[in-house]
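# Coordinate analysis (summary)
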Amino acid sequence: MTIRQNILRTSKVKVAEFHKRIKEAFEVFDHESNNTVDVREIGTIVRSLGCCPSEGELHDLLAEVEEEEPTGYIRYEKFLPVMTKVLLEGRYRPIPDDVLLQAFETLDSAKRGFLTKEELIKYMTEEGEPFSQEEMEEMLSAAVDPESNLIHYKDYITTMVIDEN
Amino acid sequence: MGCGNSALNSKKSEKALKAALVIQNWYRGYRARLRARLQYALAIFESVEYADEQSQMQLSDFFSFMLENYTQIRKDDPDLSNQLLENTKDRQEYIGLIEVPDSYDGPRLQFPLSFTDIVLLVEAFKNQKILHAYYVLEVLFQTKKFLKQRPNFTHVKTSSSKGLTICGDLHGKLDDLFLIFYKNGLPSENNPYLFNGDFVDRGRNSMEVLMILFVSFLVYPKDIHLNRGNHEDFMMNMRYGFTKEILNKYKIYGKKILQTLEEVYPWIPIGAIIDNEILVIHGGISESTDLNLLHRIERSKMKSVLLPPMTGYSTEPEKKKTGAIIMSGIITSKDSSSEQLPKHEWEQIVDILWSDPRGTKGCFPNTGRGGGCYFGPDITTTMLNKYHLKKIIRSHECRPEGYEICHDGKVITVFSASNYYEEGSNRGAYIRLGFGMAPEFFQYQVTNSTCLQPLHQRVSVMESSAIRILKERIISRKTDLTHAFQVRDHVKSGKISVTQWAFSMESILGLNLPWRTLSLHLVNVDKDGYVDYMSSFQDMRIEKPVKEAESAIIETLYRYRTDLQMIFNIIDSDRSGLISMEEFRNMWKLFSSHYNVQIRDSQIDELASTMDLNKDGSIDFNEFLKAFYVVHKYEKSNKSNT
């Protein structure tokens, strides 16, 4: 077997593996079992496959998979090739913990080791790609220390990572 | 200076913007992964629930099968012949002799009922009081009397001053009903309600929910409307909890209540039509749904989905007929087979009570539930056009947001039991309709805590409970699964690929689930993606009451324990809790041959004699079945974590 054939074969296996993962992630959101999902679920599906696109990038991705005349639903046949490509190319890599910590430190300009609840709300709902009210409330429910009303971001990141595993 | 400052500021704010983006991006990823896990947990709950219903529907075949084989067992039972001769129960005979003792501290209803009684009942139930059997029976008798005067479909008109609130499945969840009343007001002539079926089963307070609804209906018969659901069915109650609830709450009069209730259900209207525009039914429609025929059907003959009309009378008429009478004697103790609906009429009602809408065009058998059908948008459109209607409002399916709109806005699902599968699994909702206005949706969720639980906590509660249910399914099929794994393990390494494992799980358990993703929670997977398949059964075992029994028979018993319990309840019509050895042997033989379960007669005999603990020739079958449960090894430590 030549090296080229070998690479080809490995990538074939990889593609098959990706296809299975994408199918499963898609299917749990396909509530009507007709190979479509609500367009609003696409972000969750893409992100649940380990990708971390920004809202802007997600928007571009959506444009690729949407029908010419948007129906509010995304078809599996359209989604599969686009998503396979995303996974093969390793696009939208997850954010490493140290980069995340740096981001919090940047917002904590006085270097106190915490952000106040108000500061976090301000940054998250006014800067960047603002959170919806629901997203904000959910983040706060786990981030804010109820006694001091502060976000000790280092501890927060640690617990979040542990919770997920 | 000012210029430099603003440059600095803009640099600073650019940094802040980037930082905010990183955090938002990360959080959205985190949230999405949790939401997907939530979805996986819901998929487990839902597919296990429907698989259960499906196996229950298979029982209806079993009943027909029993009819043909069971005749000789009960033929000479004098009790039974007495029951057959008994006429319609006299109300007086039932409740005339019941006295409410002075020591009773529950609510005391005053007949004729008034608004005060609704308030009284709600307050008493909030304080965990139990309504005395005397009142329960009186309410049931009166409800039956009132319902009998109702047509199959209730026609409701709304006006600008008087709307209508529609609630979906409540399933004995009293807190949800209280929350609806708190938000939307108690039922009254100015605050009409339509309860769209499935009042009972599953929840702990089916009796209380039912009493509040029936009393409200009796006080305001013109403004409170009831639709029958698939759980307003006495056979369903045997399996899904209401029968048990009644027998626990009413030790002396439970049996009387059950018998009366059985006669109330078939009189509940099967649907409602609002302003000649909206059809409200519990489940849905099928391509053959004929509203004109449904208006004429003698609905009271539809006793249970598990008792389909007998077919094949032409062959061996004598035997079948005797069978039917004896069987119905066991079950309803008085209705004869001549009281049955023609099969096509019976099916019309089953479709209305059991069907679910789907996005795919056409009409297919409801393979998930085993009863009713899946109907597509084209079926909806055709039916609505044919009868000049605009919308269907239905319930029957738990929806994460409590309601869902599909079929291009023509079908609305409303489900009113929040936290149906598990704390945090779903919201409940109700609909308010006003004359000429678009339906308004109201959502809620019953919760014990005052503040929002962090997402990961909600997810892990749901996830561990879903995985637990799934593991119980897995252990109950251990023998079959092990065989399926070994067939694929050609080199006897104890390992197979994730794909092969997923395929085996799906084919043996019959659950369409994201097995690859779930494999992380269920088995040990090595770094090359191979599954140590025997680890599928780690950390649990079935506790067996009979030590000597083989594991295959134990698994079968465990797997069919709810079915068996239900059949036992039917056979044990005097509710003594005991059946004879002979009955047990016959029942089990029928059951195993019907389900193609490979168990030798000698094993059954052995089991039967071991079960007769005090050697008096009778078996306490409920106790026996209760002794089966799955032991989860790490149960305690898991619980303290969550």
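Above this text sits the structure in question.
Okay, so let's go over this structure. These figures come from a predicted structure and were not determined experimentally. (Residues numbered from 1 in each chain as written. Chains lettered and ligands numbered in written order. Predicted model: local features only at pLDDT ≥ 70, side-chain atom pairs only at ≥ 80, totals over all residues. Heavy atoms only, no water.)

With that out of the way, let us pick up the overall build of chain A. Scanning chain A for helices and strands turns up eight helices and four strands. Listed N to C, the secondary structure of chain A is α-β-α-α-β-α-α-β-α-α-β-α in terms of helices and strands. Its C-alpha atoms put chain A at 60 × 45 × 25 Å along the principal axes. Burial status across chain A gives 41% buried among its 165 residues. Sequence-distant contacts, at least 24 apart, represent 57% of the contacts inside chain A between residues at least 6 apart. Counting every atom, chain A has about 9,400 Å² of accessible surface; 51% of that belongs to carbon and sulfur. Distance between charge centroids for chain A: 11 Å, based on 19 positive and 35 negative side chains. (Helix = DSSP H or I, 4+ residues; strand = E, 2+ residues; numbered from the N terminus. Buried < 20%, exposed > 50% of the residue type's maximum accessible area, 1.4 Å probe, protein only. Contact = heavy atoms within 4.5 Å. Areas by Shrake-Rupley, 256 points an atom, 1.4 Å probe, with all protein chains shown as cover. Lys, Arg positive; Asp, Glu negative; His and termini not counted. Charge placed at Lys NZ, Arg CZ, Asp CG, Glu CD.)

Attention now moves to empty space enclosed by the protein. Sizing a probe to match a water molecule and rolling it over the atoms shows the empty space that remains. In total, this model carries five cavities of 30 Å³ or more according to the counting rule given. A volume near 70 Å³ is recorded for the second largest cavity. Along its surface, the second largest cavity is lined by His31 and Glu32 of chain A together with Pro357, Arg358, Glu397, Arg399, Glu404, Cys406 and Thr413 of chain B. Per-class residue counts for the lining of the second largest cavity are two nonpolar, two polar and five charged. (1 Å grid on protein atoms, 1.4 Å probe; cavity = no way out; pocket = protein on both sides within 12 Å on 5 of 7 lines; lining within 4 Å. Points joined across faces, edges and corners; volume = space filled by probe spheres on them. Nonpolar A, V, L, I, M, F, W, Y, C, P; charged D, E, K, R; others polar.)

A word on the pattern of salt bridges. With the rule as written, the count across this model stands at 37 salt bridges over all chains. For Arg31 of chain B, the salt bridge identified is with Glu134 of chain A, shortest N-O distance 3.8 Å. Here Arg31 of chain B, found in helix H1 (residues 2-74), pairs with Glu134 of chain A, found in helix H7 (residues 133-143), and the two come from separate chains. For Arg31 of chain B, a relative accessible area of 11% puts it in the buried group. Take Glu134 of chain A: its relative accessible area is 45%, and that puts it in the partly exposed class. Between Arg394 of chain B and Asp356 of chain B there is a salt bridge whose closest N-O contact spans 2.9 Å. (Salt bridge = Lys/Arg side-chain N within 4 Å of Asp/Glu carboxyl O.)

A word on the nonpolar core. Membership of the largest hydrophobic core comes to 114 residues, with the highest contact counts inside it found for Phe79, Phe104, Met124 and Met139 of chain A together with Trp501 and Trp515 of chain B. With 17 residues, H1 of chain B is the largest single contributor of residues to this core. Of the residues that make up this core, three or more belong to each of domain 1 (106-304 + 317-444) and domain 2 (544-626) of chain B. If sequence neighbours within four positions are ignored, Phe104 of chain A has contacts with Leu115, Leu120, Met139, Tyr153, Tyr156 and Ile157 of chain A together with Ile23 of chain B. Counting 93 residues, the second largest nonpolar core, distinct from the first, contains Phe153, Cys363, Leu389 and Ile392 of chain B. (Core = buried A, V, L, I, M, F, W, Y, C linked by side-chain atoms within 4.5 Å. Domains from an automatic or database assignment.)

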